[in-house]
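One-letter residues, chain by chain:
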Amino acid sequence: MRLSRYFLPVLKETPADAQIVSHRLMLRAGMIKQASAGIYSWLPLGYRVLRRIERIVHEEQQRAGHIPMLMPTLQSADLWRESGRYDAYGPEMLRFKDRQDREMLFGPTNEELITDIVRSNIGSYKQLPLTLYQIQWKFRDEMRPRFGVMRGREFLMKDGYNFDLTREDALHAYNRHLVTYLRTYERMGLQAIPMRADSGPIGGDDTHEFLVLAETGESEVFYDSAVTDISLGQRDIDYDDKAQCAAVMEEFTTLYARTDETHDETLFAEVPEDRRRSARGIEVGQIFYFGTKYSDALGATVQGPDGKSVPIHMGSHGIGVSRLLGAIIEASHDDRGIIWPEGVTPFHVGIVNLRQGDQSTDSACDGIYRQLESEGLTALYDDRDERAGAKFATMDLIGLPWRITVGPRGLSNGKVELTSRRTGTSEEMSPEAAIARLR
Ligand code: ATP
Ligand code: MG
Ligand code: MG
Ligand code: MG
């Protein structure tokens, strides 16, 4: 992308009403614009990151055999009456009527809708196990929408639902989701710690939230610092292997790590004192096993191997896709701007032409740009007629992991400069060598 033809409305001033750094940086970097309280337009740069996050989520879900689909944002109140949640959900649910006076709502979550789909189409245990998921907009009329996309009213969520014959199978689905989530967050450069949590209006007994530690997080958490030493890394996972998934679950959830709702002072006191931590965290996902809560209420049953009809065991699993942008920036920035992890960056590399209009720098930049794009490495080429300082400031603000700087002096020796956004170190090399480094 050539910056002269792109739409990147960078702000010079720090927006006064944005309280936390990720919100400020997303506004300044021209990624989002508030449409109304807690509702945002995703400008091109923000949209690119959102799509990259979605892609990682899709890849990791499908790797585990989970099947993508899409449900509507608008739902009829009827199903929610059947489950008993229409009244229970409270004012966070946005309700309205259509012209026929039918009661409708903007889905805050989709257990009812998916259970209805499954009960209409599945009758035998032979059609199980099944895990369906979607990435779709949700609406929750939050009391205090704030911190930009971190607590929006309209927000993008991955929500997945598993359907199993037995509790044991459903617990495997729970463990499997935990593993997929760990891998998903790690690919985004995040450490998200599974913590025992409270199930809230979804219901059920077994639930873990995934928290990214950050001072600006809204959750209060208590944990054994040894949990921060564990990571999934590159290990091979067979998602059908129950024992392996259970072992990962145990490895990641045995040490003390709880949110304030489930915090237990007595148990916490058993953690060696020098490892006891209380901190704040951002909830970027949550997994639930709730057994037959919805299948009982909605009559979602299958015929078991013995011919008897039994309710399906279920769980649901959410990732805060749009919130993740905020969480990643909270975890990865400096005083000049965002520092995107490679996995989610909107472009791999920025190209800065120090003397736009100079025949040699223009043609060198064009060549590098075309070569990168032909290799599938996305580049943002700053071809504007601007001062070098302004170009560097924009690149630092939007946080691409690499920058190639092309100036007449270096070029006379056949050299350009390759700079890492994270470390700030620069090296001179030939354009070919710079491109080779980015492969
Ligand atoms: P919170 O405790 O932050 O209100 P929640 O527990 O109500 O979140 P879930 O029902 O668990 O949310 O939804 C799954 C995920 O969706 C959450 O883990 C979070 O990452 C994301 N999410 C929930 N509410 C919002 C929101 N208002 N804005 C952005 N993301 C959200
Ligand atoms: Mg909530
Ligand atoms: Mg919560
Ligand atoms: Mg939650």
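Values in this document were obtained by computation on a predicted structure and should not be read as measured data.

Quick word on the overall build of the protein chain
Piece 1. Each helix and strand counted, the protein chain has 14 helices and 23 strands in total.
Piece 2. Once local pairs closer than 6 in sequence are excluded, the contacts in the protein chain between residues at least 24 apart make up 73%.

Remarks on the pairing of strand E23 (residues 426-429)
Piece 1. Looking at chain direction, strand E22 (residues 416-420) and E23 are connected through 4 bridges and run antiparallel. Each bridged residue has a counterpart across the sheet, and for Glu417 the counterpart in E23 is Glu428.
Piece 2. The hairpin formed by E22 and E23 contains 5 residues between the paired strands, and Gly424 there has a positive phi angle of roughly 80 degrees.

As for the site of ligand 1
Piece 1. In the vicinity of ligand 1 lie 16 residues, with Phe155, Gln286, Gly318, Gly320 and Arg323 positioned nearest.
Piece 2. Those elements that provide at least two residues to the shell around ligand 1 are strand E8 (154-164), strand E13 (276-291), strand E16 (313-320) and helix H10 (321-331).
Piece 3. With 4 residues, the single largest contributor to the shell around ligand 1 is E13.
Piece 4. Split by residue class, the shell around ligand 1 holds 3 nonpolar, 8 polar and 5 charged.

Describing the environment of Glu59
Piece 1. Structurally, Glu59 can be placed in helix H2 (residues 44-63).
Piece 2. Placed 132 residues apart in sequence, Glu59 and Gln191 show a C-alpha to C-alpha distance of 19 Å.

Some details on the sheet that holds strand E4 (residues 74-76)
Piece 1. In spatial order, the strands read E4-E6-E5; together these 3 strands make up an open sheet with antiparallel pairing. Because the sheet does not close on itself, it has two edges, and the strands there are E4 and strand E5 (94-97). The mean inter-strand angle of the sheet, taken between neighbouring strand axes irrespective of direction, is 35 degrees.
Piece 2. Judged from the 4 bridges that link them, E5 and strand E6 (residues 103-106) form a sheet pairing that is antiparallel. Across the sheet, the residue bridging to Arg95 is Leu105, located in E6.

Some thoughts on unusual backbone geometry
Piece 1. The omega torsion across Leu128 and Pro129 is 0 degrees, close enough to zero to call that bond cis.
Piece 2. Structurally, Pro129 can be placed in the loop between helix H5 (111-121) and strand E7 (130-139).
Piece 3. For Asp101, which is not a glycine, the phi torsion comes out positive at approximately 70 degrees.
Piece 4. Tracing the backbone shows Asp101 in the loop between E5 and E6.
Piece 5. We note that Phe147 has phi near 60 degrees; this positive angle belongs to a residue other than glycine.
Piece 6. Here Phe147 shows up in the loop between E7 and E8.

Parameters and conventions
- Throughout this document, residue positions are counted from 1 along each chain, in the order its sequence is written.
- Numbering of ligands from 1 and lettering of chains from A proceed in the order in which they are written.
- Per-residue local features are limited, in this predicted model, to residues with pLDDT of at least 70; the limit for side-chain atom pairs, both in listing and counting, is 80 or more; totals at the level of whole chains, interfaces and linings are taken over all residues.
- Secondary structure elements are taken from DSSP: a helix is a run of H or I of four residues or more, a strand is a run of E of two residues or more, and numbering for both begins at the N terminus.
- For the purpose of contact definition, each residue receives a C-beta atom placed from its backbone, and two residues are in contact when these atoms lie within 7 Å.
- For two strands to count as paired, DSSP must find a minimum of two bridges between them.
- Near, as applied to residues and a molecule or strand, means the residue's backbone-placed C-beta atom lies within 6 Å of it.
- When residues are grouped by polarity, Ala, Val, Leu, Ile, Met, Phe, Trp, Tyr, Cys and Pro land in nonpolar, Asp, Glu, Lys and Arg in charged, and all others, Gly among them, in polar.
- Axis definition: a line fitted to C-alpha atoms, over the contacting stretch in the case of helices. Angles run 0 to 180 degrees between N-to-C directions.

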